[in-house]
Amino acid sequence: MKPLLKTMTIAALSGAICAWGVAGSAQDYYAGKTIKVVVPFSKGGATFVSAKFLEPFFEKHLPGNPSIDVVDRPGGGSILGANWFVKNAKPDGLTILFTTSSTANPYVLGKKEVQYDLAKMRVAYSHPFGAVAYTSPSTGVKSAKDILKPQKPLIYGGIAAAASDLPGLLSFEVLKLDIKAVLGFPGRGPIRLAFERGETNLDYQFTPVYLTQVRTLIDAGKAIPLWSGGSVGPDGRLTERDSVNSDVPSVFEVHKLLYGKEPSGQAWEAFQAIASVTYAFGLTGYMPEGTPDSVLAIFDKTVAAINADSEFQKASQEVTGGAKLFPSSVAEPAVMKSLQAPPKLKAYLRDLLSKKYNVKF
């Protein structure tokens, strides 16, 4: 046998044995093992909160009942943690990158710091969520209709313009708002704390944090809800209210309220494209390139079991408004499609981010 052919044959055989080994002993594959869930943000943000929320349910329903270890690796708007993951994680189903569009957007836009290729990774599951914008009563804004005439400058805190802040920043473009964006926070937890200290007065938080921590601020009169990102309607456009936060108008509605007409143009098209993906498959669990289908099959069955768990259904009402997990078989095709931005959209976003937010490509 020729050396190259021999090497290829051994590699193929090894892969087949690995895949057979996982599938053939799914019940025992994770027994006595620990799965590391890497969150590339600091503690306290929606991603870390969601990862910790899901932790006991994966421990309960994964075959073999492995331990789940959620670790935070913040920095670079999630890029540092993602870069670490691609260099260190093995395709054995024991390391998951749990992240948001903060990791996907820089990849799609071609930021030079990105060392990972999301399109080559596997998607184990995803957890959808919405987002709600709110402001401080100190601005004099009592509802969304007052947002064009605040009593003081509006200051927004964010992680990075090309990260999960992008749909929020695009909503400001759609609504034609004069916003000062202070970027560079390590996560949405510190951003919320900056809001509470009065260092910023306009914030976006995703559903897990909005429901569990921001609603208490609203009830205490320390925050005013403005709008949600909305959800996709029957026509495929982002025109509907967020079903979880249905008491808050959508960006689409607020534009009609402020300007008497529906939004249109490049900013609106960009917002729809980015926000739809950000919220529909907001929190995504990636596994390294080369992770076998048999591991993804285990997670598909586990996700089905978690969604059917009455304890999960009850707890998720409080954290995510009842959002269910998407299995790999549903999430992976949709996420991979979202990583392919049309050239016109990509050009608009790169131009906006470089000129207005000094993003380097």
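Residues numbered from 1 in each chain as written. Predicted model: local features only at pLDDT ≥ 70, side-chain atom pairs only at ≥ 80, totals over all residues. Heavy atoms only, no water.

1. Remarks on the overall build of the protein chain
A count of helical and extended segments in the protein chain gives 14 helices and 11 strands. For 361 residues, the compact-globule estimate of 2.2 N^0.38 gives 21 Å, and the C-alpha radius of gyration of the protein chain, at 21 Å, lies within 12% of that figure. If you line up the protein chain on its principal axes, its C-alpha atoms span 75 × 45 × 40 Å. Counting only residues that meet the buried cut, the protein chain has 52% of its 361 residues in that class. Surface summary for the protein chain: the accessible area is close to 15,700 Å², and the carbon and sulfur share equals 55%. Of the side-chain charges in the protein chain, 39 are positive and 31 negative, and the distance between the mean point of each set is 6 Å. (Helix = DSSP H or I, 4+ residues; strand = E, 2+ residues; numbered from the N terminus. Rg over C-alpha atoms; globule rule 2.2 N^0.38 Å. Buried < 20%, exposed > 50% of the residue type's maximum accessible area, 1.4 Å probe, protein only. Areas by Shrake-Rupley, 256 points an atom, 1.4 Å probe, with all protein chains shown as cover. Lys, Arg positive; Asp, Glu negative; His and termini not counted. Charge placed at Lys NZ, Arg CZ, Asp CG, Glu CD.)

2. What about the pairing of strand E7 (residues 179-183)?
With five bridges connecting them, strand E6 (residues 154-158) and E7 associate as parallel partners. The partner of Gly157 across the bridge, within E7, is Val182. Handedness of the crossover joining E6 and E7 through helix H6 (residues 166-174): right-handed. (Pairing = 2+ DSSP bridges. Right-handed = clockwise from strand over helix to strand, strands pointing away.)

3. As for the environment of Lys261
Relative to the assigned elements, Lys261 resides in the loop between helix H9 (251-259) and helix H10 (266-280). Sequence-distant contacts of Lys261, that is, excluding residues within four places in its chain, are made with His255 and Lys256. (Contact = heavy atoms within 4.5 Å.)

4. So, the packing of helix H3 (residues 46-61) against helix H12 (residues 310-319)
Between H3 and H12, the shortest axis-to-axis distance is 11 Å and the interhelical angle comes to 170°. Put simply, H3 runs roughly antiparallel to H12. Along the contact surface, H3 presents Phe53, Leu54, Phe57 and Lys60, while H12 presents Glu311, Phe312, Ala315, Ser316 and Val319. Classifying every residue of the contact of H3 with H12 gives six nonpolar, one polar and two charged. (Axes fitted to C-alpha atoms, helices over the stretch in contact; angles between N-to-C directions. Parallel < 35°, antiparallel > 145°, perpendicular 65-115°, else oblique. Nonpolar A, V, L, I, M, F, W, Y, C, P; charged D, E, K, R; others polar.)

5. Some details on the pairing of strand E3 (residues 95-99)
The buried fraction of E3 is high, at five of five residues. As judged from the three bridges shared by strand E1 (residues 34-39) and E3, these two strands associate in the parallel manner. Across the sheet, Val38 pairs through a bridge with Leu97, a residue of E3. Across three bridges, E3 lies against strand E10 (residues 283-287) in antiparallel orientation. Paired with Phe98 across the strands is Gly285, a residue of E10.

6. Let's talk about the sheet that holds strand E4 (residues 122-127)
Taken together, six strands build an open sheet; the order of strands is E2-E1-E3-E10-E4-E11 and the sheet is mixed. Looking along the sheet, the strands with just one partner apiece sit at the ends: strand E2 (67-72) and strand E11 (326-327). The strands that H3 touches are E1, E2, E3, E4 and E10; relative to E2, the one it contacts most, it runs at about 170°. Strands in contact with helix H4 (residues 79-88) are E1, E3 and E10; relative to E3, the strand with the most contacts, it is inclined by about 160°.

7. So, the layout of surface pockets
In this structure, the largest pocket encloses a volume near 470 Å³. Along the walls of the largest pocket sit 27 residues, with Ala273, Val277, Lys337, Ser338 and Leu339 positioned nearest its centre. Put simply, the parts of the chain that give the lining of the largest pocket at least two residues each are helix H5 (101-109), H10, E10, helix H13 (328-338) and helix H14 (343-357). With six residues, H10 is the single largest residue contributor to the lining of the largest pocket. Of the residues belonging to the lining of the largest pocket, the class tally is 16 nonpolar, 10 polar and one charged. Empty space within the second largest pocket amounts to approximately 270 Å³. Lining the second largest pocket we find 17 residues, and of these Pro128, Phe129, Ser231, Asp242 and Tyr279 sit closest to its centre. Considering each element in turn, the lining of the second largest pocket owes the most residues, four residues, to H10. Residue composition of the lining of the second largest pocket, by class: nine nonpolar, seven polar and one charged. (1 Å grid on protein atoms, 1.4 Å probe; cavity = no way out; pocket = protein on both sides within 12 Å on 5 of 7 lines; lining within 4 Å. Points joined across faces, edges and corners; volume = space filled by probe spheres on them.)

These figures capture arrangement, not role.
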